[in-house]
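Descriptive structure summary
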Amino acid sequence: MERSVPQAERKLAEASVYVRDAHRYTYRGDVHEETRVGYTHAFHLFVHGQGSVVVEGTPYPVGTGSLVYIRPGEAHSFHLESAAPLTAYNLYCDLGGKPERLFSHFSFQTSRPDPQLMPPPTACPELDAMPRHARVPSHSPLTDWLARICGWHGSADENAEALVSCLMKAWLLHAHGELRSGSPADRRIARLLRRMEREPEARWSHEEMSRECGLEKSHFYELFKSSTGLTPKAYQLRLKMKKAAALLLESDQSVTRISEQLGYDSVHYFSKQFSDYHRMSPTQYRGLRRD
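These figures come from a predicted structure and were not determined experimentally.

**Overview of the pattern of salt bridges**
- Inspection of every chain in the model, using the stated rule, returns 11 salt bridges.
- Arginine 20 is paired through a salt bridge with aspartate 94; the nearest N and O atoms lie 2.3 Å apart. Of this pair, arginine 20 sits in strand 1 (residues 18-27) while aspartate 94 sits in strand 8 (residues 86-94), and the two are 74 residues apart along the sequence. For the pair formed by arginine 20 and aspartate 94, the shared burial category is buried.
- Each of Arg195, Glu199 and Glu212 takes part in one network of salt bridges that share partners.

What follows is the structure in structure tokens.
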């Protein structure tokens, strides 16, 4: 049989995502949950129960918040820890657009594989970096987005397919950023980030932020940077510059008034920071975006 040739390498943002199916499913230890091979990219986010998923011979313990990513062609099986059922949001998708040939099943027993149903290899380093097994924190939007995808998929809304595909692509991009390091944002840092986003004009000192999180300064700094990729000071600046840009476009307030709203004592310092960040002055930014 002729070997398939991998596609040219492409970014996840360039993928054409098509969701074949998405639903909430309860595993009860039935025979069809034993070892099988899938023909799509499968994501299983568990929301109830305890058990394990074996992928390519490696067992992964799963419970509430566990995410398992199974690539096309990987043998896998689901196992209960006790008689209690195991519930998950299951999503099956393609990354090369809607296939010409759709089929009613997404996996088959390993004794009955059909190579013709296997999608062409996808060369996507970002997807390759996605962990096979990860923990999704309760404050992450990933769970809510997956639940919405499962709710929308197959609905009578004429825009349902487009909605599902767009949200799934956003889910993949966010999952790549949040889960690839294996250490999602700490709950304490996530709470602080939400407050900072609500009040970008607040003057947070390093000491106040670490105290807000209940952490020692050095530990806070390391945790903040690992969670956001930025130092606390750089993150604050990004929030201020984002709000400054919005105020310039959505209001007729003077640059001086905007700088005051953002907590600056000097409009000159604000203008310098804005120019360094956006590569143009506040006045130029306002004029360029309104032309």
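**Some details on a positive patch on the surface**
- On the surface, Arg187, Arg191, Arg194 and Arg198 cluster together to form a positively charged patch.
- Tracing the sequence through the fold places arginine 187 in helix 4 (residues 187-198).
- Residue class for arginine 187 comes out partly exposed when judged on its relative accessible area of 49%.

**A short note on helix 4**
- Relative to the 16 Å expected for 12 residues at 1.5 Å per residue, helix 4 spans 17 Å between its end C-alpha atoms, a close match to the ideal helical length.
- Taken residue by residue, helix 4 has Ile189, Ala190, Leu192, Leu193 and Met196 as its buried positions. When helix 4 is viewed along its axis, its buried side chains cluster within an angular range of 165° and face the same direction.
- For helix 4, the secondary structure elements touched by its buried residues are helix 5 (206-213), helix 6 (217-228) and helix 7 (232-250).

**A closer look at the sheet that holds strand 1**
- On the basis of which strands lie adjacent, the open sheet formed by 5 strands has the order 1-8-3-6-10 and antiparallel pairing. Each of the sheet's edge strands pairs with one partner strand only, and the pair in question is strand 1 and strand 10 (133-135). On average, adjacent strands in this sheet sit at an angle of 20° to one another, irrespective of strand direction.
- Helix-sheet contacts for helix 2 (residues 141-152) involve strand 1, strand 3 (41-48) and strand 8, and the interaxial angle to strand 8 is about 70°.
- Set on the sheet, helix 3 (residues 160-179) makes contact with strand 1, strand 3, strand 6 (66-70), strand 8 and strand 10; between it and strand 1 the angle comes to about 75°.

**Overview of the confidence of the model for the chain**
- Averaged over all residues, the pLDDT of the chain equals 85, while 86% of them reach at least 70.
- In the predicted structure, residues 1-6 sits below a pLDDT of 50 and forms 4 contacts with residues beyond four places in sequence or in another chain.

**A few points about the pairing of strand 6**
- Of all 5 residues in strand 6, 5 are buried; the element is thus mostly enclosed.
- In strand 6, alternate side chains face the same way, and those of Ser66, Val68 and Ile70 on one face and Leu67 and Tyr69 on the other are all buried.
- Pairing analysis gives 4 bridges linking strand 3 to strand 6, with the strands arranged antiparallel. Bridge pairing links leucine 45 to leucine 67 in strand 6.
- When strand 6 meets strand 10, the two strands line up antiparallel, connected through 3 bridges. Directly across from leucine 67, in strand 10, lies its bridge partner alanine 134.

**Some points on the side chain of threonine 87**
- With respect to the helices and strands, threonine 87 occurs in strand 8.
- Within the structure, threonine 87 has its side chain in polar contact with the side chain of threonine 26 (distance 3.3 Å).
- The contacts of threonine 87, once residues within four sequence positions are left out, are Arg24, Tyr25, Thr26, Leu45, Phe46, Val47 and His48.

Reading the values: rules and limits
Here the residue numbers are simple positions, counted from 1 along each chain's written sequence. Per-residue local features of the predicted model are confined to residues with pLDDT of at least 70, and side-chain atom pairs are confined, for both listing and counting, to 80 or more; whole-chain, interface and lining totals are unaffected and use all residues. With hydrogens and water stripped out, all remaining heavy atoms of the structure feed into the side-chain values. Between Lys or Arg on one side and Asp or Glu on the other, a salt bridge is scored when a side-chain nitrogen of the former is within 4 Å of a carboxyl oxygen of the latter. A run of H or I in DSSP counts as a helix once it spans at least four residues, and a run of E counts as a strand once it spans at least two, with each numbered from the N terminus. Each residue's exposure class comes from its accessible area (1.4 Å probe, protein chains only) as a fraction of the maximum for that residue type: buried when under 20%, exposed when over 50%, partly exposed otherwise. Residues with no salt bridge and a relative accessible area higher than 30% make up the patches, which join like charges within 9 Å and nonpolar side chains (Val, Leu, Ile, Met, Phe, Trp, Tyr) within 5 Å. Computed with a 1.4 Å probe, the accessible areas rest on the Shrake-Rupley method; for each residue, only the protein chains presented here act as cover. In this tally Asp and Glu are treated as negative and Lys and Arg as positive; neither His nor the chain ends contributes. Charged groups are reduced to one reference atom each: NZ for lysine, CZ for arginine, CG for aspartic acid, CD for glutamic acid. The span one expects for a helix is its residue count, reduced by one, times 1.5 Å. The directions considered for the arc run from the helix axis to the C-beta atoms. In this description, contact between two residues means that some pair of their heavy atoms is separated by no more than 4.5 Å. If DSSP finds at least two bridges between two strands, the strands pair. To define axes, lines are fitted to C-alpha atoms, for helices over the stretch in contact only, and angles between the resulting N-to-C directions are given on a 0 to 180 degree scale. By definition, pLDDT measures how confident the predictor is in each residue, and it falls between 0 and 100. Throughout this description, a polar contact denotes any pair of N or O atoms lying within 3.5 Å of each other; where both atoms belong to protein, one of them has to be capable of donating a hydrogen while the other can accept it, and for residues adjacent in sequence the pair is counted only when both atoms sit in side chains.

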